[in-house]
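Now for the letters of each chain:
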Amino acid sequence: MSAQTIAAPVAAPTVELTGRITFAQTVSHSLALAGRGFMKFMKSPIQLVDVILTPIISLLMFVYLFGEAMGGGNTDAYIELVVPGVMVMAVFQASVGIGASLAADASTGIFDRFRSMPIARSAPLIGAVLADIVRYVACLVTLVVLALVMGYRFGTNPVAWLGASALLIGFALAFSWMSVYLGMLIKNPTSVQGLMTILILPLTFASNVFMKETEMAGWLQAWSDVNPVSLVAEAVRGLLNGGPVAHGLYGSLIWMAAVVAVFFPLAMRAYRKSGPRPAVQVPSARSSSHRSASWREYAAPLS
Amino acid sequence: MSYAIRAEGLVKKYGDFTALDGVDLEVPAGKVVGVLGPNGAGKTTTVRILATLMRPDAGHATIGGHDIVKDAVKVRQLIGLTGQFASVDETLTGTENLVLIGRLLGLSRRDAKGRAVQLLEQFSLTDAARKPIATFSGGMRRRLDLAASLVGRPRVLFLDEPTTGLDPHARQEVWEVVRNLVADGSTVLLTTQYLEEADQLADSITVFDKGRKVAEGRPGELKRRVGGQVLQVRPTVATDVPLVSQMLAELSGHSPAEDSGVLTVPVDDPLLVAAVARRLDGAGITADELGLRLPSLDEVFLALTGHTPTVKDTEPAAA
């Protein structure tokens with residue numbers, strides 16, 4: 001760390017002052033940051049344990065615990081109904097984790113670093129959202145393996161399977177912006193997680209995931225008809241089991257576009273305003289912090 | 001003279017609380033300015049505004065001639081920031097963190113890697129290059145944080161309390177890094193609560209208090225502005241302290257301050273030292289320490305902001 005070694009490289013500026021960020025740069029920054037998230041998952045795969053265990057438990061529970069009652073005694077028929085539905089529910093649940101992890105990031109200085117760099121403002125959030133594809137893939141792979149073991153059989157071709165995967169991942173990516181927004185707004189990982197869990201309950205349970213809409217009460221059926229979870233489940237069922245796809249698919253795409261249109265700008269606005277605001281806000285309330293203590297300690301000999 | 005940083009009338013409010021109340025700041029290119037002040041003085045708010053993390057409610061500022069609000073992207077291409085909070089990724093290694101920053105700044109994978117290796121070497125972090133940050137010591141983290149803010153070779157560097165929370169050894173390491181940067185021509189704005197730090201590193205010091213600039217100047221100027229020399233006496237035998245305190249009070253006409261066996265009293269008359277020496281001698285009291293000194297920056301700060309009693313006003317604690 002001598003003066004000689006540090007001198008040469010630091011002095012010369014390399015950046016050309018362009019003054020703006022292009023769309024191509026936004027994409028490349030987002031991908032670089034998605035790579036950061038991806039690396040983090042690879043380093044501690046324990047972060048994937050929730051997206052692997054939750055769907056296993058859900059599927060086992062619904063098929064063997066409730067399947068008898070709900071499927072009218074026919075477990076095989078019920079598996080066919082519930083597997084695509086549980087896929088939707090599972091990626092949805094996996095998508096809400098992002099708000100909590102971004103809120104945790106926000107409590108460090110990492111976003112300050114990104115915001116002070118000449119990179120696209122949206123890149124850290126888009127990157128984080130994209131990195132979660134790892135979670136969705138892990139979740140879906142687990143479900144497919146378990147479903148096959150339990151006797152589920154695909155009724156369609158691989159192209160349709162890929163289409164279903166794309167729709168499921170797209171749905172999770174779009175809806176994760178709700179969680180991102182809450183994470184940026186609330187900045188408390190535990191609260192974000194709790195709130196999101198409550199929020200997705202009516203969406204997942206008041207849907208056609210576990211029962212046919214024809215068996216629902218009228219008002220519930222009306223809600224389930226427009227519920228995005230039902231619509232995605234309907235399309236995925238069509239793509240995996242065979243059957244109509246269009247209605248569910250278009251409905252899902254409209255929902256996804258609407259959620260992104262609303263929550264992406266909201267999340268970006270909250271992100272711009274976020275950031276640790278240190279002692280400056282309430283100077284007196286932080287007198288026991290170590291920073292304040294260091295000042296006292298320094299001034300102590302004089303008093 | 002060209003200014004790397006120039007701010008005029010910066011105001012920032014959080015609800016009713018005024019964090020910045022019209023701050024002006026001018027930092028010539030290639031200089032280090034130390035912004036000094038207690039918690040809540042507005043130091044961090046100033047840095048956050050200048051580093052384009054937040055907008056001022058009033059006033060304007062330029063970095064290298066570029067407006068921090070209108071030309072924020074250009075400003076970001078010129079600056080580096082090391083904040084109070086760790087801005088590196090705990091789970092990634094030193095190299096991975098620096099490569100990511102390099103990639104974001106548009107370096108090729110190969111160049112980003114090269115730059116990371118170079119910086120890790122300069123910051124004596126080569127051994128830790130492959131270890132996750134979570135295993136780093138506080139000083140190593142802060143050095144990596146500094147390295148991360150240097151990947152883009154910034155012309156203006158903001159260091160917000162770079163040594164807060166570090167042990168003295170780690171603090172020295174960070175100081176060394178800052179000194180090398182300065183030797184190199186970078187402009188540095190450094191905030192600190194440690195007067196010693198500002199004294200050690202800064203060409204000039206700006207003192208903030210309650211969102212306002214209360215003083216600025218070279219460390220020596222500030223010391224002189226607060227004025228008066230003080231006489232310090234440390235009696236060899238601690239039980240002599242009350243007696244010596246009484247003598248000093250009689251001779252100087254001021255109540256001495258006492259801390260850990262050292263008595264301090266303002267000096268109005270240069271002959272006081274000789275008079276004190278004679279009295280001590282006559283009473284058969286020996287002193288380990290007897291001398292004049294300029295006020296420390298601690299005292300300067302306290303005198304300028306008036307938060308806590310200055311030496312002159314302090315009643316002797318053990319008299």
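Because the structure is predicted, anything quoted here is derived from the model rather than measured.

Cut-offs used in this document
- Residues numbered from 1 in each chain as written.
- Chains lettered and ligands numbered in written order.
- Predicted model: local features only at pLDDT ≥ 70, side-chain atom pairs only at ≥ 80, totals over all residues.
- Heavy atoms only, no water.
- Phe/Tyr/Trp six-rings, centres within 6.5 Å; stacked < 30°, edge-to-face > 60°.
- Helix = DSSP H or I, 4+ residues; strand = E, 2+ residues; numbered from the N terminus.
- Buried < 20%, exposed > 50% of the residue type's maximum accessible area, 1.4 Å probe, protein only.
- Lys NZ or Arg CZ within 6 Å of the ring centre and 35° of its normal.
- Core = buried A, V, L, I, M, F, W, Y, C linked by side-chain atoms within 4.5 Å.
- Contact = heavy atoms within 4.5 Å.
- Pairing = 2+ DSSP bridges.
- Domains from an automatic or database assignment.
- Salt bridge = Lys/Arg side-chain N within 4 Å of Asp/Glu carboxyl O.
- Nonpolar A, V, L, I, M, F, W, Y, C, P; charged D, E, K, R; others polar.
- Axes fitted to C-alpha atoms, helices over the stretch in contact; angles between N-to-C directions.
- Patch = residues over 30% accessible without salt bridge, like charges linked within 9 Å, V, L, I, M, F, W, Y side chains within 5 Å.
- Areas by Shrake-Rupley, 256 points an atom, 1.4 Å probe, with all protein chains shown as cover.
- pLDDT = per-residue confidence, 0-100.
- Left-handed = near helix turned anticlockwise from the far one by under 90°.
- UniProt positions renumbered as here; feature names shortened; annotations may be inferred.

### Section: the packing of aromatic side chains
All names here are of chain A.
Here comes step 1: This model, assessed by the stated rule, comprises 11 aromatic pairs over all chains.
Here comes step 2: With centroids separated by 5.3 Å and ring planes inclined at 55°, the aromatic side chains of Phe-92 and Phe-171 adopt a geometry described as tilted. Taken together, the positions of Phe-92 in helix H4 (residues 75-95) and Phe-171 in helix H9 (residues 158-186) put the pair 79 residues apart, joining distant regions of the chain. Note on accessibility: Phe-92 and Phe-171 belong to one class, buried.
Here comes step 3: Measuring from ring centre to ring centre gives 6.4 Å for Phe-175 and Trp-255, while their planes differ by 40°; the resulting arrangement is tilted. With Phe-175 in helix H9 and Trp-255 in helix H13 (residues 246-273), this residue pair connects regions lying 80 residues apart in the sequence.
Here comes step 4: The exposure class assigned to Trp-255 is partly exposed, which follows from its relative accessible area of 30%.
Here comes step 5: Within the aromatic cluster, the residues linked to one another by ring pairs are Phe-92, Phe-171, Phe-175 and Trp-255.
Here comes step 6: Taking the ring centre of Tyr-271 as reference, the NZ or CZ of Arg-115 above it sits at 5.0 Å.

### Observations regarding the nonpolar core
Here comes step 1: Judged by nonpolar contacts, the single largest core of 125 residues is most densely connected at Leu-59, Phe-114, Leu-125, Phe-171, Val-180 and Met-184 of chain A together with Leu-98 of chain B.
Here comes step 2: At 16 residues, the largest contribution of residues to this core is made by H9 of chain A.
Here comes step 3: With residues up to four places along the chain from it excluded, the contact list for Val-180 of chain A reads Ile-98, Gly-99, Leu-102, Leu-125, Val-129 and Ala-267 of chain A.
Here comes step 4: If you look at the next biggest cluster of nonpolar residues, it comprises 30 residues, including Ala-19, Val-47, Leu-50 and Ala-61 of chain B.

### A word on the pairing of strand E11 (residues 230-235) of chain B
Remember that side chains alternate between the two faces of the sheet whenever the strand is regular.
All names here are of chain B.
Here comes step 1: Buried residues dominate E11, accounting for five of its six residues.
Here comes step 2: Relative to strand E14 (residues 287-293), E11 runs antiparallel, the two being bridged by six bridges. Following the sheet pairing, Val-233 is matched in E14 by Leu-290.

### Comments concerning the domain arrangement of chain B
Residue and element names in this part refer to chain B.
Here comes step 1: Each assigned domain of chain B is listed here: domain 1 (3-217) and domain 2 (225-313).
Here comes step 2: Here the C-alpha centroids of domain 1 and domain 2 sit 39 Å apart.
Here comes step 3: At the junction of the two partners, domain 1 supplies 13 residues and domain 2 supplies seven residues.
Here comes step 4: Between the two partners, domain 1 and domain 2, sit zero salt bridges.
Here comes step 5: Put simply, the parts of the chain that give the side of domain 1 that touches domain 2 at least two residues each are helix H7 (195-201), strand E9 (204-209) and strand E10 (212-217).
Here comes step 6: Sorting elements by how many residues they give to the side of domain 1 that touches domain 2 places E9 first, with four residues.
Here comes step 7: Classifying every residue of the side of domain 1 that touches domain 2 by side-chain character gives eight nonpolar, one polar and four charged.

### Examining the sheet that holds strand E3 (residues 32-36) of chain B
Residues and elements named next belong to chain B.
Here comes step 1: Read from one edge to the other, the open sheet built from six strands follows the order E6-E7-E8-E3-E9-E10, with strand pairing classed as mixed. If you trace the sheet from one side to the other, it starts and ends with strand E6 (79-82) and E10, each paired once. Geometrically, the sheet is characterised by an average inter-axis angle of 15° between neighbouring strands, direction not taken into account.
Here comes step 2: Pairing of E3 with strand E8 (residues 187-192), which is carried by five bridges, proceeds in the parallel orientation. Paired with Val-35 across the two strands is Thr-191, which belongs to E8.
Here comes step 3: In this fold helix H5 (residues 138-150) packs onto E6 and strand E7 (156-160), with an angle of close to 165° to the strand it touches most, E6.

### Some remarks on a nonpolar patch on the surface
Residue and element names in this part refer to chain A.
Here comes step 1: Residues Ile-46, Val-49, Ile-52, Leu-53, Ile-57, Met-61, Leu-65 and Phe-66 make up a contiguous nonpolar surface patch of about 710 Å² in total accessible area.
Here comes step 2: Take Val-49: it is sitting in helix H3 (residues 49-70).
Here comes step 3: The partly exposed category is assigned to Val-49, whose relative accessible area is 40%.

### Some remarks on the confidence of the model for chain A
Here comes step 1: On average, residues of chain A score 82 in pLDDT, and 84% of them reach the 70 mark or higher.
Here comes step 2: Contacts of residues 277-303 of chain A to residues separated by more than four positions or lying in other chains number 49 contacts, the stretch itself having pLDDT below 50.

### Some remarks on the side chain of Asn-97 of chain B
Here comes step 1: Looking at the secondary structure, you find Asn-97 of chain B in helix H3 (residues 94-104).
Here comes step 2: Note on Asn-97 of chain B: relative accessible area 5%, which makes it buried.

### Comments concerning the sheet that holds E11 of chain B
Residues and elements named next belong to chain B.
Here comes step 1: Here four strands make up an open sheet; going across it, the order is E12-E13-E11-E14 and the pairing antiparallel. The sheet terminates laterally at strand E12 (257-259) and E14, the two strands that pair on one side only. Geometrically, the sheet is characterised by an average inter-axis angle of 15° between neighbouring strands, direction not taken into account.
Here comes step 2: One ladder, built from three bridges, connects E12 with strand E13 (residues 262-266); its direction is antiparallel.

### Some points on the packing of H9 of chain A against helix H10 (residues 189-205) of chain A
If you want to describe how two helices pack, look at the angle between their axes and the distance between the axes.
Residues and elements named next belong to chain A.
Here comes step 1: At a closest axis distance of 9 Å, the pairing of H9 and H10 adopts a crossing angle of 145°. You can see that H9 and H10 cross each other, and the crossing is right-handed. Side by side, H9 and H10 meet where Met-178, Ser-179, Leu-182, Gly-183 and Ile-186 of the first sit next to Ser-191, Val-192, Leu-195, Met-196 and Leu-199 of the second.
Here comes step 2: Residue composition of the contact of H9 with H10, grouped by class: seven nonpolar, three polar and no charged.

### With respect to the UniProt feature "transmembrane region" (unreviewed entry) in chain A
Here comes step 1: Taking the numbering used here, the UniProt-annotated feature "transmembrane region" (unreviewed entry) corresponds to residues 46-66, 78-104, 125-152, 158-182, 194-211 and 249-268 of chain A.
Here comes step 2: Between the end C-alpha atoms of residues 125-152 of chain A there is a gap of 37 Å, over a span that is 86% helix and 0% strand.

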